[in-house]
Amino acid sequence: MFSKKILQGALLIFLILVLVSVLVLLFINKDLDVKAELKEDSLELKMTNTQNHIITNIFVTLNGEKGENFSLNPGEQKTVNITLAKGKNILEVNAAGVQKFYKEVDLKDFKGFNYLNFNISYKELKKDISTEIMLSICNTGDDIGLTTEVYKNEGFEINDTEKTKIIEKDKCEDFSFIIIPKLQGTNKIFFHIFNEANNIDEEINFDLKVS
């Protein structure tokens, strides 16, 4: 009886160690890291496998057109340059077993101002789950201060809705917002971009996919 209890105890300890190992493995496996840098009318996309196993069936989709499939070993990085068109460009990075990465780039001319580019990026959005979205504004004109306000968004709950930054010539600035999607499907998010002193008062919008 004594030896049976020892065996049961050892088995219990083994199961606990296995569970802890699995949890540690899940914590360490970060994801497919995607960084996108806007360069005039093209997008440089850097994808790095931060997991400890190979990621297969990775592909980039631009405006519904699927690119080539590829795989990345642990720690391996791949750079893809994508030519963009004027107006909205919708980009997705899909991979087996990891979250989708979405980015929408809007190449737009401002009246009375030089050239500004807008793009938004985010990981897969889910209803009622708090997620960060990143609005990037790139400026090829003179240094300018811009206020970005998230507004008229019935499909999203947002606490900190307004941010102001100085965007230097030939630089980009990221405006980070935490949102909670309230509706599933494709929902528009609206931004008010303004600077009263420079007569800038524009509205832009992007389509966010919520599962």
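Right above here is the structure, for reference.
Because the structure is predicted, anything quoted here is derived from the model rather than measured. (Residues numbered from 1 in each chain as written. Predicted model: local features only at pLDDT ≥ 70, side-chain atom pairs only at ≥ 80, totals over all residues. Heavy atoms only, no water.)

Regarding the overall build of the chain
Within the chain, the secondary structure is distributed over 1 helix and 16 strands. Here the chain holds 211 residues, and the buried ones make up 40% of them. Carbon and sulfur atoms form 54% of the exposed surface of the chain, whose accessible area is close to 12,100 Å². (Helix = DSSP H or I, 4+ residues; strand = E, 2+ residues; numbered from the N terminus. Buried < 20%, exposed > 50% of the residue type's maximum accessible area, 1.4 Å probe, protein only. Areas by Shrake-Rupley, 256 points an atom, 1.4 Å probe, with all protein chains shown as cover.)

What to know about the environment of H192
Following the sequence through the fold, H192 ends up in strand β15 (residues 185–195). The buried category is assigned to H192, whose relative accessible area is 16%. Each C-alpha atom, one on H192 and one on Y151, is 6.9 Å from the other, the two residues being 41 residues apart in sequence. Discounting residues that sit within four places of it in the chain, H192 has contacts with T147, T148, E149, Y151, D201 and E202. (Contact = heavy atoms within 4.5 Å.)

Brief notes about the sheet that holds strand β11 (residues 144–151)
In space, the 4 strands of this open sheet follow the order β13-β11-β15-β16, with antiparallel pairing throughout. If you trace the sheet from one side to the other, it starts and ends with β13 (162–167) and β16 (200–210), each paired once. For this sheet, the mean inter-axis angle between neighbouring strands, taken without regard to orientation, is 25°. Judged from the 5 bridges that link them, β11 and β15 form a sheet pairing that is antiparallel. Looking across to β15, one finds that T147 is bridged to F194. (Pairing = 2+ DSSP bridges. Axes fitted to C-alpha atoms, helices over the stretch in contact; angles between N-to-C directions.)

Things to note about the sheet that holds strand β2 (residues 42–49)
Taken together, 3 strands build an open sheet; the order of strands is β1-β2-β6 and the sheet is antiparallel. If you trace the sheet from one side to the other, it starts and ends with β1 (32–39) and β6 (77–83), each paired once. For this sheet the average axis-to-axis angle between neighbouring strands, irrespective of direction, equals 20°. Inspection of the sheet shows β1 paired to β2 by 8 bridges, in the antiparallel sense. For D33, the partnering residue across the bridge sits in β2 and is T48.

Examining the pattern of salt bridges
Inspection of the entire model under this criterion finds 9 salt bridges. The partner of D128 in a salt bridge is K127, and the shortest N-O contact between them spans 3.1 Å. In this structure D128 comes out as partly exposed when scored by relative accessible area, which is 44%. Ionic pairing is found between D207 and K188, a salt bridge with its closest N-O pair at 2.9 Å. In this pair, D207 is assigned in strand β16 and K188 in strand β15, connecting sequence segments 19 residues apart. Judged by relative accessible area, which is 26%, D207 ranks as partly exposed. Linked by salt bridges that have partners in common, K127, D128, E157 and K182 make up one network. (Salt bridge = Lys/Arg side-chain N within 4 Å of Asp/Glu carboxyl O.)

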